[in-house]
Amino acid sequence: MSQNVQIRIEDNNTPVVFYGEDIVEQKNKGAYYTDERFVNYMVKQTVEIEFEKRFSKLKNALKSGELSDIQASVEYLLDMKIADLSSGGGSFLRGAFQLLTRKQPLMSTLNLPKEIEEQYPYFREDDESIYQWEKYILEHMIYGVDIDYKAIIISSLTLTLSSIEHRPKEMKLPSLIGRNLIHQNSLINTVPYYRRKEIYANYRQELKKLRKLKVEGSEKYEIKRVELQSKLLKYLPEKLRAESTFLHIEAIEVNLPEIFFDENGDFIENSGFDVVIGNPPWEIWKPNSDEFFSQYDDTYLSLSRKKKKTKRQGELFETMPRIKDKWEEELNRIEQGSIYFRHTDNFSNQSWIVEGKRTGSDINLYKISVERFLQLLKPDQHLSLIVPDNLMTDLGATGLRHLIFDNYDLEEFLSFENRLGIFQTIHRSYKFAVTTIKKSPSQREEFKAFFYKHNLDALNQENEKMAYTFSLVKEAEPEKYSLFEPRTIKEFNLYQKIKLKFPPLRETNVIRLSSDFHKTNDSASFIPIEEADYPLYEGKLMNQFKLVDTPTEGVSESDILHKTGGDYEHYRIGIRSIASATNQRSLIATLLPRYTTAVNNLLIEKDVDPTKIQEKLFTLGLLNSYVLDFVLKKLVNTNINQTYLKQLPIPTISDVSCSDEIIQIVKQLLLKNGPLYEELEDLVPGDGFKGLSHDDLIAELNVRVMLAFELTREDIIDLMKTFETANHKTFVEEETQRIIAVYDRINR
């Protein structure tokens, strides 16, 4: 970390303390300057709500006149504990401090009984009372934890500078470090979270004494604290224990005994903080070779290719063997930390079972932070964090979403895109969200959300926030609980309307998909088409309802039998698996001719029932509709896989009154390919829509599907506008006109 510590006084006389000389350093350390608008909003949503709740209780007690109730309510108000567990420069701690100091004039309006007011000088209307209140906040209500000691120093400076106005000149500044500001790793604890009660029961007398020493401000407290922390190291895995000094691993409960233990040294069930707030680290927990090797070579970061960097690493190892030892220590440190983070004694929601498989991804410290900070929060209390937006979308965060939606109350998820550089040191396409959670089961039907905002003023604009129902999360994504992220409320309402109209494919099972041949693993089976028994299709050879080129390779009869059984003999739906939300269309399907096969960039129908050709054409028409493509575009990344497809609302043929018309339209579209599909004339009798052009058939098809989903004329226009990209605007506008013309004709 940089030696560069800076103090800046802003226009409103607010001191800002920060560190970090350059963007690379700040990015590597996660030391991002947090805009004060974030701080003010998040403090208002948590600290102010908690204060007002306690203040109201005190006012009600005063109305009752019961001295014991008033005394208890005053103590309850003063027992409020606020924490930033990755405090950095102390922005959130300062924000909480400033909000609470502004409450003193309100407190002074209370007419407390004289005997109680004498105990608590914070409720009087004089300068001394203001000073005493600020002193009390710093020493008893605000807590910060950080792995970086410089950050702890900066937090202390930030808070003490913020409190200097009303402090008498003769009074020395408070000593917060080691008391309220703790230098330790808040994510790795010597005592496993799920074994705390069992383990701490063995140290009851020591904890009793430790708590007493800290509350009394004894100088012996630090000696006793270090002694007990040393004893508790044995509960860490042995290899991680060796890294405890470097990683600053201690037991947070021992560093804050006044919060987690009673006067007798007993661990308090459901103990913790009343508010947890902050901007936790976002980096992936893995070795950072750029950060490590650039310490020893100023030119290392300028090397553009991995091969060059690997070569330079070898040269550094050769000239300075100690560097190799240090790098191996770093690799071991990361490995041992990974084992800790994945152990269920410590964390239980870092992975999940989705579609029968356990989710896996790189360990990201923001995910660890969310679960850990919720662990340290009291029941019924509030947490508000700035985290990457993919908390609500990534497969690897599924376990955390289940923790939140199944157990707690997500109040707000307000997502921003960094296009205007809200955080200067991260990429402009990055998305992050203010996430506010109450640690109690939700009693509401919805939470507030918005997405893709660029200006922080949106935080306070209630009309920008949409009501996202919990039922939509759970019904639309019962395993993943991932959120759809619309840019507008109108788009959100349209998505809900479509998504919830029919059951998803995973329930209706109108089509089962898999792959025949793997393009790489089965390449030895591919032979020139002239020598093959059966043609081998791939994604680039097809479009919606079309075969755009002929295969150049094929396979033998024995290989196709081995891979497909008898499926290859029948017409089968094929869906392109390579797509992007930026393409004009993402969902592209056709009907593969009989006696053909395909590689794995086409998802192919399996276990085919040849008697259900009409159902097949009906499903193909739905898959190629703008309606389902609209939904898929909100879910898809680069590749389309079955996880996405199974989320699509695909009705059965009996669910749609105009299914016969859809079937006839699809038949006519396929017949335009020529002789390969002429058998459909006999298999699917009827001449409806014969003679219409391809574009007119597409319009007729899409209107039928849109009507099946009960879309209005306005809905259709809004839906089609989402397909108007820069490269496809003119085409989509013309397509929209054809669709609207058909819609108006049918609804005349």
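Everything below is about the structure printed above this text.
Computed from a prediction, not measured in an experiment: that's the story for all the values here.

Topic: the overall build of the protein
- A count of helical and extended segments in the protein gives 31 helices and 23 strands.
- Buried residues in the protein amount to 54% of all 748 residues.
- Here the protein displays about 33,600 Å² of accessible surface, and carbon together with sulfur accounts for 47% of that area.
- Once the 99 positive and 116 negative side-chain charges of the protein are each reduced to a mean point, those two points are 2 Å apart.

Let's talk about the pairing of strand E10 (residues 409-417)
- Burial of E10 is extensive: 9 of the 9 residues sit out of reach of the surface.
- Pairing analysis gives 8 bridges linking E10 to strand E11 (residues 431-438), with the strands arranged antiparallel. Within the sheet, the bridge partner assigned to Asp-409 lies in E11 and is Lys-438.
- Two elements, E10 and strand E12 (residues 446-453), share 4 bridges in a ladder whose sense is parallel. Pairing of Phe-416 across the sheet is with Lys-453, part of E12.

Topic: the sheet that holds strand E22 (residues 597-598)
- One open sheet accounts for 4 strands, arranged E15-E19-E16-E22; its pairing is mixed. Of all the strands in the sheet, just strand E15 (527-528) and E22 have a single pairing partner and so form its edges.

Re the packing of helix H2 (residues 36-64) against helix H4 (residues 91-101)
- The N-to-C vectors of H2 and H4 enclose an angle of 50°; their axes lie 9 Å apart at closest approach. It follows from the interaxial angle that H2 and H4 lie oblique. Crossing hand, H2 versus H4: right-handed. Listed contacts from H4 to Glu-36, Phe-38, Val-39, Met-42, Val-43, Lys-44, Val-47, Glu-48 and Phe-51 of H2 are Ser-91, Phe-92, Arg-94, Gly-95, Ala-96, Leu-99 and Leu-100.
- Residues belonging to the contact of H2 with H4 are distributed by class as follows: 10 nonpolar, 2 polar and 4 charged.

Here's the deal with the side chain of Glu-243
- Relative to the helices and strands, Glu-243 is located in the loop between helix H12 (238-241) and helix H13 (252-255).
- There is a polar contact of 2.7 Å between the side chain of Glu-243 and the side chain of Arg-333.

Considerations on the side chain of Glu-605
- Tracing the backbone through its elements, the reader meets Glu-605 in strand E23 (residues 602-605).
- Judged by relative accessible area, which is 8%, Glu-605 ranks as buried.
- If near-sequence neighbours (up to four positions away) are discounted, Glu-605 is found in contact with Ile-511, Arg-512, Leu-513, Asp-567, Tyr-571, Arg-572, Ile-573 and Lys-616.

Notes on the packing of H4 against helix H7 (residues 127-140)
- It is at 10 Å that the axes of H4 and H7 come closest, and there the two elements cross at 145°. Crossing of H4 over H7 shows right-handed handedness. Residues Phe-97, Leu-100 and Thr-101 of H4 form the contact with H7, whose own contacting residues are Trp-133, Glu-134, Ile-137 and Leu-138.
- The class makeup of the residues in the contact of H4 with H7 is 5 nonpolar, 1 polar and 1 charged.

What about the sheet that holds strand E13 (residues 466-469)?
- Taken in spatial order, the 9 strands line up as E5-E4-E3-E6-E9-E11-E10-E12-E13 in an open sheet, and their pairing is mixed. Edge strands, defined here as strands with exactly one partner in the open sheet, are strand E5 (181-183) and E13. The average undirected angle you get between the axes of adjacent strands in this sheet is 20°.
- Bridge count between strand E3 (residues 82-84) and strand E6 (residues 273-278): 2 bridges; the pairing is parallel.

With respect to unusual backbone geometry
- Even without a glycine there, the phi angle at Asp-607 is positive, about 55°.
- Locating Asp-607 in the fold gives a position in the loop between E23 and helix H24 (613-623).
- Even without glycine at this site, Glu-710 takes up a positive phi of about 60°.
- Position of Glu-710 among the secondary structure elements: in the loop between helix H29 (694-708) and helix H30 (713-721).
- The exposure class of Glu-710 is exposed, given its relative accessible area of 52%.

Here we look at the packing of aromatic side chains
- Counted under the stated rule, the structure contains 45 aromatic pairs.
- Where Tyr-122 meets Trp-133, the ring centres are 6.0 Å apart and the plane angle is 50°; that geometry is what we call tilted. You can see Tyr-122 sitting in the loop between helix H6 (114-119) and H7 and its partner Trp-133 sitting in helix H7, a full 11 residues away along the chain. Comparing Tyr-122 with Trp-133 shows no difference in burial state: the two are buried.
- Between Tyr-122 and Tyr-136, the ring centres sit 5.0 Å apart and the planes meet at 45°, which makes this aromatic pair tilted. Taken together, the residues span a long stretch of sequence, with Tyr-122 in the loop between H6 and H7 and Tyr-136 in helix H7 at a distance of 14 residues. For the pair shown, Tyr-122 and Tyr-136 are each scored as buried.
- One aromatic cluster is present, formed by Phe-405, Phe-447, Tyr-468, Phe-470, Tyr-481, Phe-484, Phe-492 and Tyr-495 through successive ring pairs.

Cut-off values and rules
- Residues numbered from 1 in each chain as written.
- Predicted model: local features only at pLDDT ≥ 70, side-chain atom pairs only at ≥ 80, totals over all residues.
- Heavy atoms only, no water.
- Helix = DSSP H or I, 4+ residues; strand = E, 2+ residues; numbered from the N terminus.
- Buried < 20%, exposed > 50% of the residue type's maximum accessible area, 1.4 Å probe, protein only.
- Areas by Shrake-Rupley, 256 points an atom, 1.4 Å probe, with all protein chains shown as cover.
- Lys, Arg positive; Asp, Glu negative; His and termini not counted.
- Charge placed at Lys NZ, Arg CZ, Asp CG, Glu CD.
- Pairing = 2+ DSSP bridges.
- Axes fitted to C-alpha atoms, helices over the stretch in contact; angles between N-to-C directions.
- Parallel < 35°, antiparallel > 145°, perpendicular 65-115°, else oblique.
- Left-handed = near helix turned anticlockwise from the far one by under 90°.
- Contact = heavy atoms within 4.5 Å.
- Nonpolar A, V, L, I, M, F, W, Y, C, P; charged D, E, K, R; others polar.
- Polar contact = N/O pair within 3.5 Å; in protein donor to acceptor, adjacent residues only side chain to side chain.
- Phe/Tyr/Trp six-rings, centres within 6.5 Å; stacked < 30°, edge-to-face > 60°.

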